[in-house]
Amino acid sequence: MRPEKSLFSALLTHFLMGVALGLSLVLLLGLIDAFHVRDLVAKSAAPVQTAVMLITTYGLMFGIGSALTGLVLTLEDES
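Fair warning: this is a prediction, and the values are worked out from it, not measured in the lab.

### Some details on the packing of aromatic side chains
Both the distance between ring centres and the angle between the ring planes are used here to describe each pair of aromatic rings.
Okay, so step 1: Across all of its chains, the model carries one aromatic pair by this definition.
Okay, so step 2: With a centroid separation of 6.4 Å and 20° between ring planes, the pair formed by Tyr58 and Phe62 is classed as stacked. Here the residue Tyr58 and the residue Phe62 both occupy positions in helix α3 (residues 47–78), the gap between them amounting to four residues, near one helical turn.

### Focus: the side chain of Thr74
Okay, so step 1: Take Thr74: it is sitting in helix α3.
Okay, so step 2: The contact partners of Thr74, leaving out residues within four places of it in the chain, are Leu7 and Ala10.

### Regarding a negative patch on the surface
Okay, so step 1: On the surface, a cluster of negative charge is made up of Glu4, Glu76, Asp77 and Glu78.
Okay, so step 2: Mapped onto the elements, Glu78 comes out in helix α3.

### A look at helix α1 (residues 7–32)
Note on helix geometry: an α-helix contains 3.6 residues per turn, so any two residues three or four positions apart are oriented the same way.
Okay, so step 1: Here α1 spans 37 Å end to end across 26 residues, near enough to the 38 Å set by a 1.5 Å rise per residue.
Okay, so step 2: Asp33 occupies a position one or two residues after α1 and carries a positive phi of about 60°.

### A word on the side chain of Asp33
Okay, so step 1: With respect to the secondary-structure elements, Asp33 resides in the loop between α1 and α2 (37–42).
Okay, so step 2: Reaching out from Asp33, the side chain makes a polar contact with the backbone nitrogen of Val37 at a distance of 3.5 Å.
Okay, so step 3: Within the structure, Asp33 has its side chain in polar contact with the backbone nitrogen of Arg38 (distance 3.4 Å).
Okay, so step 4: Setting aside its immediate chain neighbours within four residues, Asp33 contacts Leu28, Arg38 and Asp39.

### Description of the environment of Met61
Okay, so step 1: Summarising the element assignment, Met61 is placed in helix α3.
Okay, so step 2: Here Met61 falls in the partly exposed class, since its relative accessible area comes to 48%.
Okay, so step 3: Spatially, the C-alpha atom of Met61 lies 9.9 Å from that of Phe15, the residues being 46 residues apart in sequence.

Criteria and cut-off values
- Residues numbered from 1 in each chain as written.
- Predicted model: local features only at pLDDT ≥ 70, side-chain atom pairs only at ≥ 80, totals over all residues.
- Heavy atoms only, no water.
- Phe/Tyr/Trp six-rings, centres within 6.5 Å; stacked < 30°, edge-to-face > 60°.
- Helix = DSSP H or I, 4+ residues; strand = E, 2+ residues; numbered from the N terminus.
- Contact = heavy atoms within 4.5 Å.
- Patch = residues over 30% accessible without salt bridge, like charges linked within 9 Å, V, L, I, M, F, W, Y side chains within 5 Å.
- Areas by Shrake-Rupley, 256 points an atom, 1.4 Å probe, with all protein chains shown as cover.
- Salt bridge = Lys/Arg side-chain N within 4 Å of Asp/Glu carboxyl O.
- Lys, Arg positive; Asp, Glu negative; His and termini not counted.
- Charge placed at Lys NZ, Arg CZ, Asp CG, Glu CD.
- Expected span 1.5 Å × (residues − 1).
- Polar contact = N/O pair within 3.5 Å; in protein donor to acceptor, adjacent residues only side chain to side chain.
- Buried < 20%, exposed > 50% of the residue type's maximum accessible area, 1.4 Å probe, protein only.

The structure is reproduced here in structure tokens:
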């Protein structure tokens, strides 16, 4: 049997999975270009800062959402 994972370790795992999912989504948004995100970033006043802000926003948004969902599921599983 596997030893029990600590709450921090479980939340960190969920957070990192969410960040990976958010980064893959922003990569798909940039590659598919169905919503013209690439043009919007390229034509902005500071394209590098806009791209970094877009990437970090999606990564943190999905990461925090996954961590909160993981917290609820972990606490529900323990009780």
